[in-house]
Protein chains: 2
Amino acid sequence: MTNTNQYLKNIGLEAKKASHLMAKVSTQQKNDALTFLIELLNSKAATILKANEKDVKAAKKNKLDRASIDRLIISSKTIDAMINGIQEIVDLRDPIGEIMHLNARPSGIQVGQMRVALGVIGMIYESRPNVTIDAASLSIKSGNAIILRGGSESIHSNIALSGLIHEALKKSGLSIKAVQVIDSTDRSIVKGMIKLNDYIDVIIPRGGKSLTKMISDEATVPVIKHLDGNCHVFVDKDADLNKTLKIIENSKTQRLGTCNTTESLLISKHIARDFLPKIVKMLHQHKVEVRGCKETLKHVKGIKKASENDFYTEYLDAIISCKIVIDIDEAIHHINQYSSHHTDAIVTENYERAMQFLKEVDSSSVMVNASTRFADGFEYGLGAEIGISTNKLHVRGPVGLEGLTSLKYIVLGNGHTRK
Amino acid sequence: MTNTNQYLKNIGLEAKKASHLMAKVSTQQKNDALTFLIELLNSKAATILKANEKDVKAAKKNKLDRASIDRLIISSKTIDAMINGIQEIVDLRDPIGEIMHLNARPSGIQVGQMRVALGVIGMIYESRPNVTIDAASLSIKSGNAIILRGGSESIHSNIALSGLIHEALKKSGLSIKAVQVIDSTDRSIVKGMIKLNDYIDVIIPRGGKSLTKMISDEATVPVIKHLDGNCHVFVDKDADLNKTLKIIENSKTQRLGTCNTTESLLISKHIARDFLPKIVKMLHQHKVEVRGCKETLKHVKGIKKASENDFYTEYLDAIISCKIVIDIDEAIHHINQYSSHHTDAIVTENYERAMQFLKEVDSSSVMVNASTRFADGFEYGLGAEIGISTNKLHVRGPVGLEGLTSLKYIVLGNGHTRK
């Protein structure tokens, strides 16, 4: 452990120094670095694809599961997506230095807040090498330094990508220590990073549930965490049938494995007899298994009974749980109890209940008449997203540039003293 | 520990339930509760004073130090201050339910953010019983539930105050579990509270450095912490002498024991010969000991040399350290290294350096030509303050109502699905 500690301390120290430099560079310099990175991804795509091939070959040899290999593969399409992502970040307004709420106080001073960089971000992630580019780009634009610790399965891809990032930083006159990729696959690195309070200001894990849970249980550095997405659609008694079917279909079946996919339906008992058979029929056409509460089984034959545990489950699969509720109060109560507080939606034409749902559901995204699949940084207009936070503190929901910043108070006086 | 765990779990469960109720009560109801509390503090002041006498008597018997006893005493003046504090909170705008940044996206949905309560606050504090009233009032107005764990030395005062708070909550139809005062002085309670992740959303410690450090080192619940206040005044070469003297006098001598008191001076070498003797003379008139760097000693005779450690020290006493710096870059570098990132000020008439200081100093409050003593919730117009945060995440600087809230995303659609 001592070697790991020393290794991490050096990286942390360099990151801290780089963060002080990054905090004061101009918007132009940051955009230049990102634009150079786009050029390099275009001109040196072959290097990236070649490094990635090594990782994919090793992953196949190590019999990594299919889904993980899929996430690992970089194609020229992936590179185009990276480039588009960077361009979006270039186009975003620089959040740093914004001054807000600057008001005069009775004492004569002016008090306001200024948006500043957080400092050093520690990112711990698995498989997807595109995270390396996304996270580095967001970190550069928000004036932070970042330490990236990707999965061992993508080590060659990540080192190749970091080579291009460093070239771009150098060319624009920025410190290459603003983006450091950990090239050791030693597992003790993760344990060390999450306790590196003197050098890292925030840890962002992005990966499986067990990784995130271990990190949030053990980290002493603050964590912007993303646990599971057990999302709900509640169909109110005043729901429109057509909108209901469209929203459930999109929320559940557009993609099965994403965190904003709906895993549970709540149906008002007043419309269950009419709506439920049509909803189940549509879901069955998409080969989605429905597991229902006792009341649900009365309306639709031949479906499996949901256990208590089903209502807590993020399936990430072609399964959905279904419960009939008496009214909106029961629906909200159920959601606040069973949901993972990620994203929950109501379908209704009733104004009062739409407002009540928005106000009382305790989740990072609450929606009216829209698919839960919209819970996403790009869809929300953040330009890019470094993750989706299920925290309540600091930042909740999709995390873009502003989530990587902090507000400090500024006071302007003219020799003012306190009475 | 099992009994403590069960005891805390019950309190946590009640708090969680109460927080769901508090999240939806009207502004009127919350203000009613606070107004009733003002009436009760007026009509039942004698009960409070009597309970407080018990604590003070016990404290004297236990030979508590003078400063702690001073903080413990409730006088009718203290009660007036509590009442004024509550009235300020009544007069504040209700932060809950505010919707901001609601914009249409190309997909057709509207995306915005809504300000909501955090949930359950755990407050751990020492001595001052007025914190019980301040924290409970802020928590009620911000729609949260709160668990208060005061020091054992103020247990009778806190129980008496909580009696009035419960009466006020009841009279306005709110759950009395919205404010729970822990009436056990068992020390294991604190250790248990800071790990009660299932029920407590944020821990706010307010007390000595060792308490805060223990809590932030061991807590798994997020902490809004306030470590020390090693504040600086930097006197730039273009400083006005008159403003300099006024600001240093106020920053250092108005009150010695507060966290926004200046503990260290940085003086530009260009004006040191002229300014330094006058600054030291003024400080000596206030019986403040000056400890200087080698260069300082050249300009002023008969003062003690500052050690490296002096520059890290929050004296909370009639001592100040002093260092001569070459330019603003050295000053900023020194502050970012030695400051506790609480509050730091520059005195200058130069526009460019004022802006540079505001931008580059990495502290929760950064000031130009104003006394560091202004770093305070009331002075900043927050109406009241539950503490001053030296965190970078979530909230930085004085923490008022908004620091006790969170922003969730809301999405308004009309049957929209994702492409």
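That block above? That's the structure.
These numbers were taken from a predicted model, which means no experiment stands behind them.

What counts, and where the lines are drawn
- Residues numbered from 1 in each chain as written.
- Chains lettered and ligands numbered in written order.
- Predicted model: local features only at pLDDT ≥ 70, side-chain atom pairs only at ≥ 80, totals over all residues.
- Heavy atoms only, no water.
- Helix = DSSP H or I, 4+ residues; strand = E, 2+ residues; numbered from the N terminus.
- Rg over C-alpha atoms; globule rule 2.2 N^0.38 Å.
- Buried < 20%, exposed > 50% of the residue type's maximum accessible area, 1.4 Å probe, protein only.
- Pairing = 2+ DSSP bridges.
- Contact = heavy atoms within 4.5 Å.
- Axes fitted to C-alpha atoms, helices over the stretch in contact; angles between N-to-C directions.
- Phe/Tyr/Trp six-rings, centres within 6.5 Å; stacked < 30°, edge-to-face > 60°.
- Disulfide = S-S within 2.5 Å.

(A) Structural view of the overall build of chain A. Of the regular secondary structure elements, chain A holds 14 helices and 16 strands. The C-alpha radius of gyration computed for chain A amounts to 24 Å, which stays within 12% of the reference 22 Å derived for 419 residues, consistent with globular compactness. Projecting the C-alpha coordinates of chain A onto the three principal axes gives extents of approximately 70 × 65 × 40 Å. Relative to its 419 residues, chain A shows a buried fraction of 59%.

(B) Structural context of the sheet that holds strand β11 (residues 319-325) of chain A. Overall, mixed pairing links the 10 strands, which are arranged β10(A)-β9(A)-β11(A)-β8(A)-β7(A)-β12(A)-β13(A)-β16(B)-β2(B)-β1(B) in an open sheet. Only two strands of the sheet have a single partner each, and these edge strands are β10 (304-305) of chain A together with β1 (99-104) of chain B. Each of β7 (231-235), β8 (262-268), β9 (289-292) and β11 of chain A touches helix α11 (residues 269-285) of chain A; the most contacted strand, β8(A), lies at about 150° to it.

(C) Local environment of the packing of aromatic side chains. All names here are of chain A. All told, the structure shown has eight aromatic pairs over all chains when counted by the stated rule. Ring centres of F311 and Y338 lie 6.1 Å apart, and the angle between their planes is 65°; on these two criteria the pair is classed as edge-to-face. Of the two residues, F311 is situated in the loop between β10 and β11 and Y338 in helix α13 (residues 328-338); the sequence distance between them amounts to 27 residues. Each of the two residues, F311 as well as Y338, counts as buried. Three or more aromatic residues joined by ring pairs make a cluster, and in this case those are F311, Y312 and Y338.

(D) View of the sheet that holds strand β4 (residues 145-149) of chain A. Residues and elements named next belong to chain A. Taken in spatial order, the four strands of this open sheet run β5-β4-β3-β6, and their pairing is parallel. The open sheet is flanked by β5 (179-181) and β6 (202-206), the only strands paired with a single partner. On average, each strand axis in the sheet is inclined to that of its neighbour by 15°, with strand direction left out of account. Bridge analysis of strand β3 (residues 120-125) against β6 gives five bridges, and the strand direction is parallel. Across the sheet, M123 pairs through a bridge with I204, a residue of β6. Helix-sheet contacts for helix α6 (residues 130-141) involve β3, β4, β5 and β6, and the interaxial angle to β4 is about 165°. Where helix α9 (residues 209-218) meets the sheet, its contacts fall on β3 and β6, and the angle it forms with β6 comes to roughly 160°.

(E) Seen up close, the state of the cysteines. All names here are of chain A. Overall, the coordinates contain zero disulfides over all chains when judged by the stated rule. Summary of cysteine pairing: C259 is not part of a disulfide, and the nearest cysteine sulfur, belonging to C231, is at 6.9 Å. Relative accessible area serves as the criterion here: at 18%, C259 is assigned to the buried category.

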